[in-house]
Each structure stands twice: as structure tokens, then as C-alpha cells.
Amino acid sequence: MERRVPAELTSYVGRRAEIREAAELLGAASLVTLTGPGGVGKTRLALRAVDAARPGFPDGVVFVELAELREQELLPSTVADLLGLGDHSSLRPIDQLVEYIGEQRLLLVLDNCEHLVDACADLVHALLTACPQLVVLTTSRQSLGVGGERVLPVPPLSVPDGVDDATSSEAVQLFVERATAVLPSFAVTGENADDVVRLCRALDGLPLAIELATVRMRSLSVRQLADRLDERFTLLNQGNRWGPSRHETLRSLIDWSHELCTDTERLLWARASVFVGGFDLDAAEEVCGGDGIESVLEAVDGLIDKSILLREDHAGAVRFRMLESIRQYGEDQLRATGDTARLRGLHRDWLVGLATRFEQEWFGPHQVSLIELIRSEHANLRAALDFCLTEPHEAPSGMRIINAVKEFWVVAGLNTEGRMWLVKLLSLVADDDPEWADGQWQYAFLALVQGDMTAFEQACVAAETSGHVRARAYVHHVRAYAALIGDQPARAAELYGLAIEMFREQDDHGGELWATYNYGLAVSLAGDPDSGRRILENAVGRCVAAGEVFWRSWALWSYSAAEYLRGDVRSSEKAGLELLRLQKMTDDRTILAFSLTVMAGCAAHTDRPRRAARLFGAATKLWQALGAMPTNYASFVEPMRKDIELVTGELGLIEAAAEFMEGVRMDADEAVGFAVGGRTPPQRQLASSPLTRREAQVAELVARGMTNNEIAEELSIARRTAESHVEHIRVKLQVTNRAQIAAWFVNSKLSEQSFR
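All values reported here derive from a predicted model rather than from experimental measurement.

Student: Please explain the environment of His 476 as it appears in this structure.
Tutor: Mapped onto the elements, His 476 comes out in helix α23 (residues 469-485). Residue His 476 is classed as partly exposed on the basis of its relative accessible area, which comes to 21%. Between the alpha carbons of His 476 and Leu 267 there is a distance of 51 Å; along the sequence they are 209 residues apart. When neighbours within four sequence positions are excluded, His 476 is seen to be in contact with Leu 495, Leu 498, Ala 499 and Met 502.

Student: Looking at this model, I keep getting lost on the packing of helix α27 (residues 550-566) against helix α30 (residues 589-604). Mind explaining?
Tutor: Across the interface, α27 lies against α30 with an axial gap of 10 Å and an inter-helix angle of 25°. By the angle class used here, α27 and α30 are roughly parallel. As α27 runs across α30, the sense of the crossing is left-handed. Along its contact with α27, which presents Ser 553, Trp 554, Trp 557, Ser 560, Ala 561 and Tyr 564, the element α30 presents Thr 590, Ile 591, Phe 594, Ser 595, Val 598, Gly 601 and Cys 602. Considering only residue class, the contact of α27 with α30 consists of 8 nonpolar, 5 polar and no charged.

Student: Any chance you could explain the packing of aromatic side chains here in plain terms?
Tutor: Between two aromatic rings, the relevant description is the distance of the centres plus the angle of the planes. The tally for this structure, following the rule as stated, stands at 21 aromatic pairs. Relative to Tyr 329, the ring of Trp 269 lies with its centre 5.2 Å away and its plane at 35°, an arrangement referred to as tilted. Of this pair, Trp 269 sits in helix α11 (residues 263-272) while Tyr 329 is found in helix α14 (residues 324-337), placing the two residues 60 residues apart along the sequence. Neither residue differs from the other here; Trp 269 and Tyr 329 are each classed as buried. Aromatic side chains Phe 594 and Trp 623 sit 4.8 Å apart centroid to centroid with 85° between the ring planes, which places their arrangement in the edge-to-face category. With a gap of 29 residues between them, Phe 594 in helix α30 and Trp 623 in helix α31 (residues 609-626) connect regions that are remote in the sequence. Among the aromatic residues, ring-to-ring pairing joins Phe 358, Trp 362, Trp 441, Phe 445, Tyr 474, Tyr 481, Phe 503, Trp 514, Tyr 517, Phe 550 and Trp 551 into one connected group. Between Lys 424 and the ring centre of Trp 421, over which it is positioned, the NZ or CZ distance is 5.6 Å. Taking the ring centre of Phe 674 as reference, the NZ or CZ of Arg 611 above it sits at 5.7 Å.

Student: Honestly, the nonpolar core in this entry has me stumped. Any pointers?
Tutor: The tendency in soluble globular proteins is for nonpolar side chains to be buried side by side. Leu 110, Phe 175, Phe 408 and Trp 557 are the most contacted members of the largest nonpolar core, which has 233 residues in total. Ranked by residue count, the leading element in this core is α23, at 11 residues. Look past the residues within four positions of Trp 557 in its chain and what remains in contact with it is Leu 521, Leu 579, Ile 591, Phe 594, Ser 595, Val 598 and Phe 636.

Student: Just to check I follow, could you spell out the packing of helix α32 (residues 637-651) against helix α33 (residues 653-665) for this structure?
Tutor: Two numbers describe a pair of packed helices, the interaxial angle and the distance between the axes. With their axes 6 Å apart at the nearest point, α32 and α33 run at an angle of 115° to one another. Where α32 crosses over α33, the handedness of that crossing is right-handed. Within the contact between the two elements, α32 uses Val 647, Thr 648 and Leu 651 and α33 uses Leu 653, Glu 655, Ala 656 and Glu 659. Residues that form the contact of α32 with α33 fall into these classes: 4 nonpolar, 1 polar and 2 charged.

Student: Would you explain the environment of Leu 615 in this entry?
Tutor: Its location among the elements puts Leu 615 in helix α31. We classify Leu 615 as buried; its relative accessible area is 0%. Residues Leu 615 and Arg 141, spaced 474 residues apart in sequence, show a C-alpha to C-alpha distance of 47 Å. Discounting chain neighbours no more than four positions away, the residues touching Leu 615 are Leu 596, Met 599, Ala 600, Phe 674 and Ala 675.

Student: Looking at this structure, how should I read the side chain of His 725?
Tutor: Along the polypeptide, His 725 turns up in helix α37 (residues 719-733). The contacts of His 725, once residues within four sequence positions are left out, are Arg 694, Glu 695, Val 698 and Ile 717.

Student: Looking at this model, I keep getting lost on helix α16 (residues 367-376). Mind explaining?
Tutor: Each full turn of the α-helix corresponds to 3.6 residues, which orients residues three or four apart in the same direction. Looking only at α16, the buried set comprises Gln 367, Leu 370, Ile 371, Leu 373 and Ile 374. Down the axis, α16 shows its buried residues gathered within 155° of arc, on one side only. Looking at the buried side of α16, the elements it contacts are α15 (340-361), α17 (378-388), α19 (406-411) and α27.

Student: Explanation requested: unusual backbone geometry in the structure shown.
Tutor: Peptide bonds are mostly trans, and most non-glycine residues show a negative phi. Even without being a glycine, Asp 487 presents a positive backbone phi close to 60°. Residue position: Asp 487 is located in the loop between α23 and α24 (489-505). A relative accessible area of 42% means that Asp 487 is categorised as partly exposed. Phi at Asp 507 takes a positive value of approximately 55°, unusual for a residue other than glycine. Within the fold, Asp 507 resides in the loop between α24 and α25 (509-525). Relative accessible area serves as the criterion here: at 56%, Asp 507 is assigned to the exposed category.

Student: Just checking my understanding: could you explain the environment of Arg 228 for this structure?
Tutor: Inspection of the secondary structure puts Arg 228 in helix α9 (residues 222-237). Classification of Arg 228 by relative accessible area gives partly exposed; the value is 42%. As for Arg 228 and Trp 256, which are separated by 28 residues in sequence, their C-alpha atoms are 9.6 Å apart. Once you skip the residues sitting within four places of it in the chain, Arg 228 turns out to touch Leu 220 and Trp 256.

Student: Explain the pattern of salt bridges to me, please; I cannot follow it from the model alone.
Tutor: It is possible for side chains of opposite charge to pair when their charged atoms get near one another. Counted under the stated rule, the structure contains 46 salt bridges. Of the charged contacts, one joins Glu 494 and Arg 491 as a salt bridge, the two residues approaching to 3.3 Å between their closest N and O atoms. Residue Glu 494 and its partner Arg 491 are located together in helix α24, separated by 3 residues, close to a single helical turn. In this structure, a network of salt bridges that share partners links the residues Asp 530, Arg 533, Glu 563, Arg 566 and Asp 568.

Student: I would appreciate a short explanation of the pairing of strand β3 (residues 61-65) in the present structure.
Tutor: On a regular strand, one side chain projects to one face of the sheet and the next to the other, so that they alternate. With 4 of 5 residues buried, β3 is to be regarded as a mostly interior element. By the bridge criterion, 5 bridges tie β3 to strand β4 (residues 107-111) in an arrangement that is parallel. The partner of Val 64 across the bridge, within β4, is Leu 110.

How each quantity is defined
- Residues numbered from 1 in each chain as written.
- Predicted model: local features only at pLDDT ≥ 70, side-chain atom pairs only at ≥ 80, totals over all residues.
- Heavy atoms only, no water.
- Helix = DSSP H or I, 4+ residues; strand = E, 2+ residues; numbered from the N terminus.
- Buried < 20%, exposed > 50% of the residue type's maximum accessible area, 1.4 Å probe, protein only.
- Contact = heavy atoms within 4.5 Å.
- Axes fitted to C-alpha atoms, helices over the stretch in contact; angles between N-to-C directions.
- Parallel < 35°, antiparallel > 145°, perpendicular 65-115°, else oblique.
- Left-handed = near helix turned anticlockwise from the far one by under 90°.
- Nonpolar A, V, L, I, M, F, W, Y, C, P; charged D, E, K, R; others polar.
- Phe/Tyr/Trp six-rings, centres within 6.5 Å; stacked < 30°, edge-to-face > 60°.
- Lys NZ or Arg CZ within 6 Å of the ring centre and 35° of its normal.
- Core = buried A, V, L, I, M, F, W, Y, C linked by side-chain atoms within 4.5 Å.
- Arc of directions from axis to C-beta.
- Salt bridge = Lys/Arg side-chain N within 4 Å of Asp/Glu carboxyl O.
- Pairing = 2+ DSSP bridges.

Here you go:
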């Protein structure tokens with residue numbers, strides 16, 4: 001598993017000793033923190049250490065970038081999201097993380113912890129206490145203060161004592177590498193070597209300072225550049241016998257970069273600091289343009305040329321961002337002008353516009369791009385909502401944003417975050433505001449998805465008594481959903497019918513379709529499958545005509561589930577295959593788990609037990625990651641039990657378990673490929689056994705079908721000892737039952753034979 005480990009865009013120079021030491025610490029300690037001032041290169045060193053240590057972490061590396069995160073309470077759910085965990089559980093995100101990581105040998109990297117140091121310390125302590133094989137690597141300007149933490153200070157790059165050792169200096173090597181990128185003809189010569197040494201020593205070996213300085217090589221010689229820096233640092237030395245600190249060195253260099261900008265560029269630098277996580281040209285023009293900036297494009301070009309803005313390509317679109325030290329400097333400049341509140345208000349207004357566009361265009365052909373748009377602006381969305389919490393009169397705008405992108409929270413699986421913002425905003429918005437009523441029903445739905453029935457009921461009542469018709473229609477909708485998953489299909493159909501009628505009266509086409517595909521399933525389960533089929537076929541047809549994909553996926557799943565439950569497995573499988581082919585666009589793990597479960601049932605009833613077992617395994621893995629199970633939906637309990645009986649009856653328990661475990665080993669893409677085209681993932685060679693010799697003996701006896709009493713008699717040990725061995729095996733193999741232990745044993749023997 002590799003989750004968002006960033007690619008390095010420029011070459012890396014030096015730090016071999018630090019890389020080796022960090023990698024060694026990752027093999028010996030459970031928590032390693034790289035500390036140092038901004039600009040010293042902590043993140044780049046972390047990436048190199050991860051690369052060196054990666055073979056020691058068979059369960060993968062997860063890289064979590066925290067510079068854009070401001071809300072401490074979102075830290076656990078942010079990590080859970082990057083691990084691919086769903087947000088459908090009533091478990092707290094930290095408990096979900098502990099349950100998922102368990103005994104995995106996993107490396108978790110938390111980058112830029114300094115502004116969330118307390119939250120990071122709490123999270124890391126909780127995870128390391130409960131997950132014995134987990135290793136955490138953090139980068140921060142200060143240590144976390146967690147027991148067992150090994151702190152590795154990151155020094156600047158080595159600087160030369162004189163010309164003789166210039167070529168061996170890491171700082172000189174970096175300067176030359178970056179200088180030649182700006183001026184290809186540049187080289188260290190006998191004439192300029194003294195100046196290169198003087199320059200690198202003045203910059204104290206700070207990588208970011210060196211990178212900023214080399215930009216000046218377009219217009220200055222090395223000597224001119226070194227002379228100008230000497231002049232600046234002379235001012236810093238006054239009153240400080242030891243010379244400027246590394247922080248002052250970097251600050252002074254950024255000051256110089258700031259002074260070399262035009263007035264327009266300086267203004268854009270300050271104003272663009274309100275963006276968190278980057279921005280595109282349209283956003284910059286809308287938020288930062290005017291009042292002294294006639295051409296945002298020219299100012300952007302100038303800031304790119306001076307390495308203040310970094311240009312990045314994202315799916316064919318160009319975005320810009322600043323390194324955090326540079327952005328914070330701009331933030332300070334904006335604060336000094338007293339213009340922060342106005343710019344943050346303009347930034348908020350821009351987000352309101354994006355959210356309104358999302359709402360207006362949701363039911364149509366642009367859904368995928370709209371979801372990607374909000375995902376790319378997620379950090380800016382958080383910043384805008386945070387601004388809306390600063391004053392009560394700003395809160396309605398925040399509620400407007402969160403209600404307008406209501407589908408985003410569901411599709412992206414950000415239920416916990418959605419609920420957090422709603423709680424904060426609802427407390428500031430007047431209860432006679434229609435946005436307040438919409439926020440209440442939305443909160444009810446997110447609480448229902450997570451199984452928080454008390455919060456669900458309270459929010460439903462609040463929305464119902466608000467007096468707003470739109471909110472009452474959605475309350476019917478969410479109450480119907482509660483009835484549907486609670487095995488009350490007749491009640492669900494009644495409520496969905498009411499909701500659909502109200503949505504039509506209000507011309508809410510998205511709400512109507514959302515209710516309709518659930519209505520078709522409820523009608524089918526209530527005993528009228530023919531009517532249910534017609535309703536669902538109509539819903540799918542409307543989605544296709546509109547170019548819509550997300551609700552079409554759910555409508556197809558409802559159709560597939562209804563046909564499966566009525567016994568028409570061919571029709572069910574056909575709809576399921578169509579749904580799975582949409583997954584490349586939607587990437588919705590919840591619907592994928594539902595679909596694979598139904599597809600497994602279809603295979604079980606069409607004499608394909610091996611396919612069924614593997615699909616059950618793949619589905620189970622997804623369900624566990626989501627923090628839910630299909631058995632939470634009562635209508636599936638008995639059919640699933642019968643399907644499993646069919647499969648185990650045809651294959652036998654051990655063989656069925658072996659196929660099940662093959663499915664568990666598939667990732668989501670492999671599972672979709674197998675379900676759609678029957679492609680079997682390449683056989684993975686099993687790692688060496690994690691079991692002791694005695695535990696391996698016990699696993700073999702479990703595979704033979706022996707009970708704990710029989711194992712105790714066979715090995716002449718106490719029954720409690722046998723039980724303890726079985727429990728240790730279960731924990732080490734990360735399995736939940738004896739069938740899975742048996743499957744592991746069978747697979748390990750097959751693997752041994754195939755590699756002899």
C-alpha cells in the first residue's frame with residue numbers, strides 16, 4: 001500500500017549520513033521525529049528515509065501532508081481517509097484507525113506537525129500504544145514529546161571551510177545544481193570559487209535559502225550576489241555577536257526576494273496567502289485582482305520567475321502554490337496592511353460561487369469534474385468555512401457552502417468532517433433561517449450513515465419543526481432510508497413516495513432522483529418487484545439521458561440488489577457489471593462493497609463457487625475498511641447466509657476459505673478487474689511465517705477441523721493453552737475466525753510447494 005507518497009520534482013543532493021541514520025532509526029524505534037527550522041529540508045529527507053526503509057514495511061507506507069490542515073479535530077479522520085477507510089462507522093476515527101492498523105507492519109509519515117503538535121502527539125501515542133508493529137515518522141519544528149520518541153535534528157547542508165573542500169560541500173553541490181538550471185553555462189571556476197564558498201557559508205547551508213538565492217543568478221554574478229547578501233547580513237549582525245540565526249538568515253533572504261518584486265507582485269503575494277493548498281489563475285483573478293493589480297497573469301508570471309510561486313499541472317489544468325514558509329511570509333505582509341478580513345471575505349465569496357455552481361450543475365454530465373473540483377479545493381473549502389466561524393454574521397455563508405455541496409460529503413466519504421462543520425455552524429445560525437433547517441436534515445443523514453441514531457432523531461425533529469417545506473421533504477427521505485436499512489420496506493416506500501411528491505412540487509430534480517432509486521428498491525422489497533423494476537429502470541434511464549453517473553451507479557445497484565433478492569441473478573449480474581464499469585469514474589468504495597457482495601451472491605447461484613468465494617473476500621475487505629457490513633442491512637442477512645452455505649457446501653470449508661482469502665488479498669482495482677473480466681491478480685508470494693513452531697502446529701490442527709479440546713489432547717497441552725495459541729494466531733494473521741486460519745495454512749503450504 002502506497003498512499004500519496006509525493007514525487008520529488010527536483011534532484012536530491014547530499015545527506016547520505018542522515019538518510020542512513022533515519023532509515024536505521026525507523027528499523028529500531030516506533031517513533032522518529034525529524035526536527036529543524038523551516039527550509040532546512042525535513043520533508044525531502046523524510047522522503048529519502050522512507051525510500052531507504054521501505055523494504056522493512058511489507059504493509060506499506062502512508063504519507064500524510066499536514067501543512068494544509070488547520071482543524072486539530074480532523075487529524076484522525078484525515079489519516080483514516082488516506083488509509084482508504086470509510087466513514088460509515090459509529091466508531092471514533094481513532095478507534096477505527098487502531099482496529100484497521102492492528103498488527104500491520106506499516107510506516108505512517110506525518111509531515112509538518114508543528115502547528116498541530118498536541119493533536120499529533122495524542123494521535124501517535126494512541127496508535128503506538130495499540131498497534132505494536134506500527135512505526136511513525138514525523139517532521140516538525142519541535143518534537144512531539146511522546147514516550148519512546150527518537151529525535152533526529154536535521155542540520156543544514158555541509159558548508160566548505162575554504163576553496164579546497166568546496167567540491168565536497170553539499171551546500172556548494174546544491175548551489176551548482178540549481179544555478180545551472182537557471183544559467184546552464186554556470187560552473188565553479190578558479191575565479192568564482194571564493195565567492196561560491198562565501199555565498200554558501202553566508203546562507204548557512206539552508207537548502208531553501210540556497211534555492212531562493214540561485215534565482216538571482218539570472219541577473220547577478222556570484223560575486224555580486226554574495227556581496228549583496230553580505231550587506232544584508234551585516235545589518236542582522238548588529239547587536240548580535242554570533243551573527244544571524246538560521247531563522248533570521250532565511251527571513252532576510254525572503255525579505256530580499258520580497259524587495260526585488262514589483263509593487264504588483266508584492267501585493268499578489270500577500271493576497272494569495274489566503275489560499276490554502278494552491279489555486280488556479282481564475283481563482284487568483286477573482287480573489288486578488290483589482291485595487292492595485294491590473295494584470296494578475298503578469299504578476300503570477302513574475303512570482304513564478306522569482307520562485308515565489310510554484311507551477312504544478314493537475315489533470316491538464318495549471319495550479320500554483322507557495323511553500324509554507326513563503327505563504328506564511330505573505331500572510332504576515334497581508335496582516336500588516338490590515339486587509340486580511342477583506343481578502344478572506346473575498347476568498348469565502350469565491351468558495352460560495354464554486355459551491356453554488358456545484359449545486360446547480362450536480363444533476364448532469366459534469367458530476368465527475370465537479371467532485372474533482374471540490375476535492376482539489378478541499379483545503380480552501382476548509383479555510384473558507386473556518387472564516388465563517390469567526391463572526392455570527394458570517395455563519396450563514398458557511399451554511400450556504402456546506403449545504404450546496406451536500407453530495408460531496410457523501411460521495412467523498414467525509415461524514416465525520418461534514419458533521420463537524422455542521423455542528424459548529426448550526427450553533428451560530430438563526431433557527432428561522434432555511435439554511436439552518438437544511439443543515440439539520442443533512443446532519444441527520446450523516447449521523448444515520450454512521451449509526452448515531454440519537455443524533456439522527458434529534459436532527460430530524462429539528463428540521464421537521466422548522467416550518468420549511470424543503471427540509472421536511474428531505475426528512476421524509478432520510479427517515480425512509482432509516483426504515484429501508486431497518487428492514488421496514490413498506491414504511492420506507494411510503495416515506496419515499498411522500499418525499500418524491502414534495503421534491504417534484506419544488507422542482508428539486510436531484511432530490512427526486514435520489515429518493516426515486518431508493519423508492520424502487522423499497523417497493524421491490526415490500527413485495528411488488530414488478531413495480532420496483534419499472535421505477536428503477538426509469539431512474540436509470542433518466543440518469544443516462546442527463547449524463548449523470550453517481551446516482552446512476554446507485555440506481556443500478558438498487559436494481560441489481562432487487563433482482564438478486566427476487567432470484568433473477570442474470571438480470572442482477574448484468575446491472576452489477578454495468579455499475580462496476582462506471583467505477584473508474586466514480587471511485588465510490590461504498591457502492592463497490594455493495595456491488596461485489598451482490599455479484600458474489602449471483603456467482604453462488606450460478607454454479608461458480610470459486611468466483612463467489614473470491615468476490616465475498618474482496619467485498620469483506622472493503623466492508624471492513626468502511627467500518628460497516630452488509631449484514632447491517634437486514635434484507636441481506638438471510639440471503640448471504642444461504643449464499644455462503646452454497647459455496648462452502650460445494651467447495652468444502654478449507655477450499656472455500658482459501659478462495660475467500662485470495663479475494664481478501666485483492667485491492668479495489670484488482671477486485672473490479674476480476675469481477676468484470678475474470679482477471680485473476682498475479683499470485684503473491686507469501687512472506688515468511690509470522691507464527692512460532694508451536695503456533696504453526698496448532699494452525700495445522702485447526703485446518704484439519706479440530707476443536708480446541710481436540711488440539712489440547714493431540715498436543716498434550718491444557719485447553720486454555722490451546723485457546724491462547726488460537727487467539728495469538730488470529731491476531732498475528734489478522735483474521736477473525738477458524739476458517740480463515742485454515743485458509744492461511746492451506747495457502748502457506750501451496751506457496752511452499754510452488755517455490756520449491
